[in-house]
Amino acid sequence: MTAGATREEASYVLPPAKAWLYAALVAAWLLTGIMGHDPWKPDEAENFGLVYSIIRGGSWVVPMLAGEPALEVPPLYHLTAALAAQLAGGWLPLHDAARLATPFYLAIALVFVKLAGRRLLGRTEGWLAIIALIGCVGLLVRAHLMVPETALLAGLAIALHGFALAQQRPLPGGLLLGIGTGIGFLATGALTPLAMAAAALLLPAAFAEWRSRAYATALAVALLAAAPLIALWPVALYQHSPPLFQRWLDTEVLATLPGLSGANPLGHIGFLARTLVWAAWPVLPMAAWTLWHGRAQALAQPAVQIGLALLAGLLVFLAFMPGTGEGEVLPLLLPLTLLAVAGLHTLRRGAAAFLDWFGIMTFGLFAALLWMGWLNLLTGHPAFLTARSRYLRAGVPLEFDALDMVIGIAITLGWIAFVWRVGLGNRRAVINWAAGITLVWILAMALLLPWVNGFKSYRQVALELKAQLPARHGCIASRGLAEAPRAMFHYFGGILTQRLEIKPGAQCELLLVQSPRELPPGSQWKKVWEGARPLERGERFRLYRRTAG
């Protein structure tokens, strides 16, 4: 057939054995890489700095980063990570225990994506929605780091299920929509309530079936449920410090509003488009197919209507957010996944077969490269890689670990067996893609984690810096010191600095400068140490001591 999948395939019933197999795939993707490494630069190091301040008795209302207030996002994720660290810190390193907040929130997100997919698209499409989401390239690394976007995804997924229930079951639907919106706000700030409000209004404006009493009831319930959650932290912040509240309001709320942000929306939309091309692969082309192939028929599906409204609401406000980064595009993966799964059964057989073949070949090649890279870092062979890898091999030495090798072999053979047994149909392309990306991630973590950790961690440079400090010294001033090293110098070395950008009159015996090239601070300063993370060329640290003269 050339028109796509048959009706029988669209109504396919998932056997229990395959459900367990898919659950194992999702669990392997979710849990791999959570343990066994330091906080990585830049975002994870910064976020753990906030968690560390809470663990050490700091305020939950105003998390601190190396002694300074940090108000970029509300503290829900950091509070959860601090609680995880308190509960599991006796068995795990503190940062590994704190990172357990990430799979906690992602598990919530995946459960509600499954529920929404099942409600909107059919009984077996819930699993397919999860698998399509974990296959997204842009989600892979950040989904295993200590970043608040994981809590944002949980909130958005809960709200997505609320939309799915809103017309048939307005009370629970509205409650979930409001709770999800509140969690999203407490995770990363104003984006979620603004985008949800826009999506909630777009649905009845664009589609007549949403102009119903049931939907209006759901929105009223959502407003009542969301309001106390959204008000909780801002009210506490205002009571704690009105100036800090005003600073947060000006820089993190008003700066995201169209007309007030001062941002160039066209430039940000261009950034989002370029990022989504790779970060949203493979759901982006499948979502585009859903909209193109079905057109009027696709727009009649509630799943497509909700996906489009949420996508538009997020894009409107992401375009005006100052400093949009790769992490901020992750929310777009949820509506794109919903749109992709909605039209997957209509995808032409040839396109599905090509995507399947492309995924197997791509991840098979990446797996082979990982094995060769691991062998080269250990032995210097194969010889043709030695010259090209000389720079990488100059970093942290990689030691042989038999258990890691066995895990690598097992996951490679398991992937071959998995893709062999998945079966036919359009689902095969999505499932095999997710299996391939999981293979590459597990292989990278099993074979190369100590090596990657060596140049993504600040531990060694922090300990080197600490060793250069006099046993008894006064304050340490700093210039140009970024948030990530400030947080990690505090954690690994107990080092706090007085930033000259904040306290220009600080008179300290020592001065720590971060800059790519040496810029001597003056004749009264003598350099006593210089260091950097392994393989780092642009980020260097220099310690100076004030001379008698």
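Not measured: the values here are computed from a predicted model.

Participant: Hey, could you run me through the packing of aromatic side chains in this one?
Facilitator: Two numbers describe a pair of aromatic rings. These are the distance of the centres and the angle of the planes. Going through the model one piece at a time under the given rule, you end up with 23 aromatic pairs. Aromatic pair Trp 371 and Trp 374: ring centres 5.5 Å apart, planes at 85°, arrangement edge-to-face. Placement of the pair is Trp 371 and Trp 374 together in helix α18 (residues 349-379), with a separation of three residues, close to one helical turn. Both rings, one in Tyr 491 and one in Phe 492, keep their centres 4.8 Å apart while their planes meet at 45°; by these two values the pair is tilted. Tyr 491 sits in the buried class, given a relative accessible area of 16%.

Participant: Quick question: what am I supposed to make of a nonpolar patch on the surface here?
Facilitator: On the surface, a nonpolar cluster with roughly 440 Å² of combined accessible area is contributed by Phe 354, Trp 357, Phe 358 and Met 361. Among the secondary structure elements, Phe 358 is positioned in helix α18. For Phe 358, a relative accessible area of 31% puts it in the partly exposed group.

Participant: Mind showing me how you'd approach the sheet that holds strand β4 (residues 498-499) here?
Facilitator: Pairing between the strands of a sheet is mediated by backbone hydrogen bonds and can be parallel or antiparallel. The five strands lie next to each other as β4-β3-β5-β7-β6, forming an open sheet whose pairing is mixed. In this open sheet, the two edge strands, each paired with only one partner strand, are β4 and β6 (525-531). Pairing between β6 and strand β7 (residues 541-546): six bridges, direction antiparallel. When the bridges of β7 are listed, Gly 531 appears paired with Phe 541. Contacting β5 (510-514), β6 and β7, helix α23 (residues 459-468) crosses the sheet at an angle of about 150° to β6.

Participant: I tried to follow the pattern of salt bridges on my own but got confused; where do I start?
Facilitator: Throughout the structure, instances matching the rule amount to 15 salt bridges. Note that Arg 486 is salt-bridged to Glu 68, the shortest N-O span being 3.7 Å. Highlighted residues: Arg 486 in helix α24 (residues 483-493) and Glu 68 in strand β2 (residues 68-69), separated in sequence by 418 residues. Of the charged contacts, one joins Asp 96 and Arg 99 as a salt bridge, the two residues approaching to 2.7 Å between their closest N and O atoms. Both residues of the pair, Asp 96 and Arg 99, count as buried. Taken together, the shared-partner salt bridges in this structure form one network comprising Glu 518, Lys 527, Glu 530, Arg 540 and Arg 542.

Participant: When you look at the confidence of the model for the protein chain in this model, what are you seeing that I'm missing?
Facilitator: Low pLDDT marks regions whose predicted coordinates should not be analysed in detail. Summing up the model confidence of the protein chain, the mean pLDDT is 89 and the portion of residues at 70 or higher is 93%. Counting interchain partners and residues more than four positions distant, the pLDDT-below-50 stretch residues 1-11 has 21 contacts.

Participant: Even after reading the chapter, I still don't get the environment of Thr 217, so can you show me in this structure?
Facilitator: Structurally, Thr 217 can be placed in helix α11 (residues 213-240). For Thr 217, a relative accessible area of 30% puts it in the partly exposed group. Spatially, the C-alpha atoms of Thr 217 and Pro 75 are 31 Å apart, while their sequence positions differ by 142 residues. Apart from the residues within four sequence positions on either side, Thr 217 is in contact with Pro 170 and Leu 171.

Participant: Please explain helix α3 (residues 43-55) as it appears in this structure.
Facilitator: Spacing of three or four residues puts side chains on the same side of an α-helix, whose turn is 3.6 residues. A rise of 1.5 Å per residue sets the reference length of α3, with its 13 residues, at 18 Å; its end C-alpha atoms lie 18 Å apart and thus fit the reference within 8%. For α3, the buried fraction is high: 11 of the 13 residues fall into the buried class. All buried positions along α3 are accounted for by Glu 44, Ala 45, Asn 47, Phe 48, Gly 49, Leu 50, Val 51, Tyr 52, Ser 53, Ile 54 and Ile 55. Contacts made by the buried residues of α3 are with β1 (64-65), α4 (76-88), α5 (94-98) and α24. Looking one or two places after α3, you find Gly 57, whose phi comes out positive at around 95°.

Participant: Help me out: how do you make sense of the packing of helix α2 (residues 16-31) against helix α22 (residues 427-456) in this one?
Facilitator: The axes of two packed helices give the description: the angle between them and the distance between them. It is at 10 Å that the axes of α2 and α22 come closest, and there the two elements cross at 40°. Where α2 crosses over α22, the two elements pack in a sense that is left-handed. Note on element contacts: α22 touches α2 through Ile 431, Ala 434, Ala 435, Ile 437, Thr 438 and Ile 442, opposite Tyr 22, Leu 25, Ala 28 and Trp 29. Looking at the contact of α2 with α22, its residues break down into nine nonpolar, one polar and no charged.

Participant: Please clarify how the pairing of β5 should be interpreted in this entry.
Facilitator: Moving residue by residue along a regular strand, the side chains alternate between the two faces of the sheet. Most of β5 sits inside the fold, with five of its five residues counted as buried. Burial of the side chains of β5 extends over both faces: Leu 510, Leu 512 and Gln 514 are buried on one face and Leu 511 and Val 513 on the other. When strand β3 (residues 476-479) meets β5, the two strands line up parallel, connected through four bridges. Residue pairing for β5: Ala 477 is matched across the bridge by Leu 511. Pairing between β5 and β7: five bridges, direction antiparallel. For Leu 511, the partnering residue across the bridge sits in β7 and is Tyr 544.

Analysis parameters
- Residues numbered from 1 in each chain as written.
- Predicted model: local features only at pLDDT ≥ 70, side-chain atom pairs only at ≥ 80, totals over all residues.
- Heavy atoms only, no water.
- Phe/Tyr/Trp six-rings, centres within 6.5 Å; stacked < 30°, edge-to-face > 60°.
- Helix = DSSP H or I, 4+ residues; strand = E, 2+ residues; numbered from the N terminus.
- Buried < 20%, exposed > 50% of the residue type's maximum accessible area, 1.4 Å probe, protein only.
- Patch = residues over 30% accessible without salt bridge, like charges linked within 9 Å, V, L, I, M, F, W, Y side chains within 5 Å.
- Areas by Shrake-Rupley, 256 points an atom, 1.4 Å probe, with all protein chains shown as cover.
- Salt bridge = Lys/Arg side-chain N within 4 Å of Asp/Glu carboxyl O.
- Pairing = 2+ DSSP bridges.
- Contact = heavy atoms within 4.5 Å.
- Axes fitted to C-alpha atoms, helices over the stretch in contact; angles between N-to-C directions.
- pLDDT = per-residue confidence, 0-100.
- Expected span 1.5 Å × (residues − 1).
- Left-handed = near helix turned anticlockwise from the far one by under 90°.
- Nonpolar A, V, L, I, M, F, W, Y, C, P; charged D, E, K, R; others polar.

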